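# Coordinate analysis (summary)
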Amino acid sequence: MVRRARFFIQCKEMLELSGCDTAGFDTLCVFQDILNDKYPLTKPDEEIPGDIAEKITDIIKKRCEGYPLQYVLGEWDFWKYTFRVGEGVLIPRPDTETLIENILDICRKNKLQSPKILDLCSGSGCIAITLDKEIPQSEVWAVEKYDSAFEYLEENIRLNNSEVRAVKADVLSPETARKFKDFDIIASNPPYLTAEEMQDLQKEVRAEPETALYGGDDGLDFYREITPVWRNSLKTGGYISYEIGMNQHNSVAEILKSNNFININFTEDTGGIIRIVTAEKQEENKNG
Ligand SMILES: C[S@@+](CC[C@H](N)C(=O)[O-])C[C@H]1O[C@@H](n2cnc3c(N)ncnc32)[C@H](O)[C@@H]1O
C-alpha cells in the first residue's frame, strides 16, 4: 500500500526523468482514469492497494517509453465529445477543431440547415461525428479505408449516438467517388506529412499509424488526388475544406484553382499557423 500523494510524486518523477514535459498532467490523467476519481489529489493520504499501484506503474512505464497518453487512456476529447482511440487510429488533434469551426461558419453564412456533408479520411470520426452532432439536420457520410481505423469510427458513431453513415473505402478510387453525389460540403484531414517530416517524428507520433500520417514526398499526394476525383461529388457552389500541414497553403490553393475551385480562403489555427484551406466549386459553364 502506498499513499496517493507520495505515489503521485514518484510517478511524476519517473516521467520527468524520461524527458516527458507534461509529467504532472499525464500522471494526473492516469490517476483519474485508474482510480476512477476526477480529483484524486484531494485525498492525498488515501492508500492505493498494491495491485492498483502496480497497474499505474505499468502504465507510467509505457508512457515513459513514449507510448501516447491518449492510447493509454483509450479515449480523448475533441470539441465537446469523447472518442475512443488506440493503436491503429490517429488521435484527434485540437488543430482539427479549426476545421469544424470553419464548416459551421460556412453553414451559417450560407444558411445551410440540412447540409449533406462528406468527411474523407475519417479515422476516429472526430470530424464527421462532431459535425453530425452540431448540425442536427445534416446528413453526414464518412469514408475510411483501413480496418483498424474503421473499427474505431464505427465504435465512436455508436458511443456518441451519431447518425453518421460510415463507408469503408479508398478515397483515391474514382469508382468510390462516383457513388457519392450532390454534397454541399466535403471535409478532409488527409495524411499530409512529407518524407522529411516522417524521419523526424516525436516518439509519441511514431506510435500512430503511418497510413494516417504520410502524404507522399512533399505531403501533397492526397490533395492532388482527392481534388479532381471528388470534385464531381459536390454540388455547384458546394465547398471543400481541407486541413493542411504547415506551409502547404499556397500549393493546396494552386491544386484547388487548377481544378476550377474559386473563393479560396485560408484560416489559421489557434497557434497562428494556416491550417485550413476552403474553396467553392465553380459553376461548370465557367470552367476554363
Ligand atoms: C490524418 S488522419 C485523419 C483522421 C481524422 N479525420 C482526424 O482528423 O483525426 C488520415 C486518415 O486517412 C485514412 N486514410 C489514409 N489513406 C486513405 C485512403 N486511401 N482512403 C481512405 N482513407 C485513408 C487514414 O487511415 C487516417 O485515418
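Described below are features of the structure shown in this document. Here the structure is a predicted model, which is why all the values come from computation and not from measurement.

The next thing to look at is the overall build of the chain. Check the secondary structure of the chain and you find 12 helices and 11 strands. Taking 2.2 N^0.38 as the reference for a compact globule, 288 residues should give roughly 19 Å; the C-alpha atoms of the chain span a radius of gyration of 21 Å, in line with that estimate. For the chain, the spread of C-alpha atoms along the principal axes amounts to about 75 × 40 × 35 Å.

Further remarks concern the packing of helix 11 (residues 221-230) against helix 12 (residues 249-258). Running from amino to carboxyl end, helix 11 crosses helix 12 at an angle of 20°, the nearest separation of the two axes being 9 Å. Here helix 11 is positioned roughly parallel relative to helix 12, judged by the angle of their axes. Classified by chirality, the crossing of helix 12 by helix 11 is right-handed. Note on element contacts: helix 12 touches helix 11 through Val252, Ile255 and Leu256, opposite Tyr223, Arg224 and Thr227. Its residues assigned to classes, the contact of helix 11 with helix 12 shows four nonpolar, one polar and one charged.

With that settled, consider the sheet that holds strand 5 (residues 116-120). In space, the seven strands of this open sheet follow the order 7-6-5-8-9-11-10, with mixed pairing throughout. Here the strands that pair on one side only, and so sit at the sheet edges, are strand 7 (165-168) and strand 10 (261-268). Strand-to-strand, the axes of this sheet are offset by a mean angle of 15°, without reference to chain direction. Against the sheet, helix 6 (residues 126-134) engages strand 5, strand 6 (139-144) and strand 8 (183-188), with an angle of about 175° to strand 6.

To continue, consider the site of the ligand. Taken together, 22 residues lie near the ligand, and Cys121, Gly123, Lys145, Asn189 and Ala212 sit nearest. Elements represented by at least two residues in the shell around the ligand include exactly helix 6 and strand 6.

The next subject is helix 2 (residues 23-35). Side chains of residues three or four places apart in an α-helix project in the same direction, reflecting 3.6 residues per turn. For helix 2, spanning 13 residues, the distance from its first C-alpha to its last is 18 Å, which sits close to the expected 18 Å at 1.5 Å a residue. Every buried residue belonging to helix 2 is among Ala23, Asp26, Thr27, Val30 and Phe31, and all of these are buried. Summarising the axial view, the buried residues of helix 2 lie within an arc of 135°, below the 170-degree limit, and thus occupy one face. Packed against the buried residues of helix 2 are helix 1 (4-17), helix 3 (50-64) and helix 4 (69-73). Positive phi shows up at Asn36, right after helix 2, with a value of about 55°.

Time to look at helix 3. A rise of 1.5 Å per residue sets the reference length of helix 3, with its 15 residues, at 21 Å; its end C-alpha atoms lie 21 Å apart and thus fit the reference within 8%. Taken together, the buried positions of helix 3 are occupied by Ile56, Ile59, Ile60 and Arg63. In a view along the axis of helix 3, the buried residues occupy a sector of 100°, so they form one face of it. Facing away from the buried side of helix 3 by over 90 degrees, the exposed positions are Gly50, Asp51, Glu54 and Asp58. In this structure, the buried side of helix 3 is in contact with helix 1, helix 2 and helix 4. Gly66, located one to two residues past helix 3, shows a positive phi value of around 100°.

Time to look at the pairing of strand 6. A regular strand places its side chains on the two faces of the sheet in alternate fashion. Taking burial as the measure, the six residues of strand 6 include five buried ones, the bulk of the element. Here strand 5 pairs with strand 6 via five bridges, running parallel. Counterpart to Leu118 in the pairing with strand 6 is Trp141. Chirality of the crossover, the property in question, places the unit of strand 5, helix 6 and strand 6 among those that are right-handed. In this region the chain leaves strand 6, passes through helix 7 (residues 147-159) and returns to the parallel neighbour strand 7; the handedness of that crossover is right-handed.

The next thing to look at is the environment of Lys281. Considering the arrangement of structural elements, one finds Lys281 in strand 11 (residues 274-281). By the C-beta count within 10 Å, which is 23 here, Lys281 ends up buried.

Another aspect to go through is the nonpolar core. The biggest cluster of nonpolar side chains holds 58 residues, and the ones touching the most others in it are Leu120, Ala142, Ile185, Ile186, Val252 and Val277. Listed in part, the 12 residues of the second largest apolar core include Phe7, Ile48, Ile56 and Ile59.

Before going further, it helps to examine unusual backbone geometry. With phi around 45°, Asn161 is a residue other than glycine that occupies positive phi space. Secondary-structure assignment places Asn161 in the loop between helix 7 and strand 7. Classification of Asn161 as exposed rests on a count of 9 C-beta atoms within 10 Å. Of note, Asn247 is a non-glycine position whose phi angle comes to about 65°, a positive value.

So, how was this worked out
- Residues numbered from 1 in each chain as written.
- Predicted model: local features only at pLDDT ≥ 70, side-chain atom pairs only at ≥ 80, totals over all residues.
- Helix = DSSP H or I, 4+ residues; strand = E, 2+ residues; numbered from the N terminus.
- Rg over C-alpha atoms; globule rule 2.2 N^0.38 Å.
- Axes fitted to C-alpha atoms, helices over the stretch in contact; angles between N-to-C directions.
- Parallel < 35°, antiparallel > 145°, perpendicular 65-115°, else oblique.
- Left-handed = near helix turned anticlockwise from the far one by under 90°.
- Contact = placed C-beta atoms within 7 Å.
- Nonpolar A, V, L, I, M, F, W, Y, C, P; charged D, E, K, R; others polar.
- Pairing = 2+ DSSP bridges.
- Near = placed C-beta within 6 Å.
- Expected span 1.5 Å × (residues − 1).
- Buried ≥ 20, exposed ≤ 12 C-beta atoms within 10 Å, placed from the backbone.
- Arc of directions from axis to C-beta.
- Right-handed = clockwise from strand over helix to strand, strands pointing away.
- Core = buried A, V, L, I, M, F, W, Y, C linked by C-beta atoms within 7 Å.

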